[in-house]
Amino acid sequence: MSTGFADRYRAAVTARGRLCAGIDPHAALLEQWGLPVSVDGLRAFAEAAVAGLGPTAAVIKPQVAFFEAFGSAGLAVLEETIAGCTAAGALVLADAKRGDIGSTMAAYTTAWLDDASPLCSDAVTVSPYLGFGALTPAVEQSRATDRGVFVLARTSNPDGQALQTAVTADEATVAQSIVDAAAAVNADGSATVGLVVGATREHGLDLRDLAGPILSPGLGAQGATAADLAAIFGDTADLTWLLPAASRSILGAGPDPVALAAATAATRDEIEAALG
């Protein structure tokens, strides 16, 4: 019997190791690859990234904003990218950071987590700062279809610190209250709710009861190293849930798909060696 997203996540990282490889086609990278900053350049970038990352990484994270910047044509490329990564056997985590209330959140849920949508992914990033309960449509859809949501908890940007470390009436930080709400959802063993916790500094969270994946961006270009991961997340109950993320440090090896695959494999192997 399936235990939800837990089974899909564990199968992926068992087969391919703990790495979430990002596809971030921002203008500077397109130019670095010798591509025009246009839909044609975007498509060429995405196709090379899918060819290099798709067969190697356990999870691939397209950054939605860089596709949206090209309008409807860019979203068409994103649809192709999601389909290509899925066909290559990777889980797709759409980095959309959606968050709203009521029918609007339900519509976001349909876009990113419903089989009928061409944008449907294995998981999506969401923001809880309209209240964790506002994410209910996405949580319920994920539970029903063995997908996941990754909720922003303790991000690496300095501007997030004041809000995320503020103390609530229950004498927990805002970020810890999100962790605790996610753990309550995951108590059924489904791992429906993952968290986003940056790898670039100490997070100050008690993650021992989460029983779900922890997306940890910041590896590589943002300054975090594989060796930092064990120190920052060493008190996490089960490090198989830790999913370090790297984008620019891998994509810098492009545009050759073979070089991208080698960079992906090297980053994954470094993580596995550091975490054991």
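Position numbers for residues start from 1 in each chain and track the written sequence from start to end. Given that this is a predicted model, residues contribute local features only at a pLDDT of at least 70 and side-chain atom pairs are listed and counted only at 80 or more, while totals for whole chains, interfaces and linings are drawn from all residues. Note: side-chain values were computed over all heavy atoms of the structure, leaving out hydrogens and water.

### Some points on the pairing of strand β1 (residues 20-23)
Now for step 1: Relative accessibility thresholds used throughout: buried, under 20% of the residue-type maximum; exposed, over 50%; partly exposed, between the two (1.4 Å probe, protein chains only). Secondary structure elements follow DSSP: runs of H or I no shorter than four residues count as helices, runs of E no shorter than two count as strands, and numbering proceeds from the N terminus. Burial along β1 is two-sided: the residues Cys20 and Gly22 and Ala21 and Ile23 are all buried.
Now for step 2: The criterion for strand pairing is that DSSP finds at least two bridges linking the strands in question. In this sheet, strand β2 (residues 59-62) lies alongside β1 in parallel orientation, the contact comprising four bridges. Looking at β2, one finds that Ala21 is bridged to Ile60.
Now for step 3: Across two bridges, the pairing between β1 and strand β8 (residues 242-246) is parallel. Looking at β8, one finds that Ala21 is bridged to Ala246.

### Notes on the pattern of salt bridges
Now for step 1: The working definition used for a salt bridge is a side-chain nitrogen of Lys or Arg within 4 Å of a carboxyl oxygen of Asp or Glu. The full count for this structure, using the stated rule, is 11 salt bridges.
Now for step 2: Across the salt bridge formed by Arg43 and Glu80, the nearest N and O atoms sit 3.1 Å from each other. Remark: Glu80 occurs in helix α5 (residues 71-87) and Arg43 occurs in helix α3 (residues 39-53); sequence separation between them is 37 residues.
Now for step 3: For Arg43, a relative accessible area of 25% corresponds to the partly exposed category.
Now for step 4: Here the salt bridges share partners, and the residues they tie into one network are Lys61, Asp95 and Lys97.

### Structural notes on the nonpolar core
Now for step 1: What makes a nonpolar core is a set of buried Ala, Val, Leu, Ile, Met, Phe, Trp, Tyr and Cys residues whose side-chain atoms join them at distances within 4.5 Å. Judged by nonpolar contacts, the single largest core of 66 residues is most densely connected at Ile23, Trp112, Val149, Val151, Leu195 and Phe233.
Now for step 2: Looking at this core, the element that brings in the most residues is α3, giving seven residues.
Now for step 3: Among residues more than four places away in sequence, those in contact with Phe233 are Val197, Gly198, Ala199, His203, Leu207, Ile214, Ser216, Leu239 and Leu242.
Now for step 4: Ala191, Val196, Trp241 and Ala245 belong to the second-largest nonpolar core, a separate cluster that totals 19 residues. Residues count as neighbours in contact if any of their non-hydrogen atoms are within 4.5 Å of one another.

### Examining the side chain of His26
Now for step 1: Relative to the helices and strands, His26 resides in the loop between β1 and α2 (27-32).
Now for step 2: His26 gets classed as buried once you look at its relative accessible area, which sits at 18%.
Now for step 3: His26 has contacts with Phe66 and Arg248, leaving out every residue within four places of it along the chain.

### Observations regarding helix α6 (residues 102-113)
Residues that lie three or four places apart on an α-helix share one face, since the helix turns once every 3.6 residues.
Now for step 1: Along its 12 residues, α6 runs 16 Å from first to last C-alpha, staying within 8% of the 16 Å computed at 1.5 Å per residue.
Now for step 2: Burial in α6 covers these residues: Met105, Thr109, Trp112 and Leu113. Down the axis of α6, the buried set is contained in an arc of 85°. They therefore lie on one face.
Now for step 3: Packing partners of the buried residues in α6 comprise α4 (64-68), α5, β3 (91-98), β4 (123-126), α7 (136-145) and β5 (148-154). One less than the residue count of a helix, multiplied by 1.5 Å, gives the span that helix is expected to have. Summarising the geometry, the arc corresponds to the directions from the helix axis toward the C-beta atoms.

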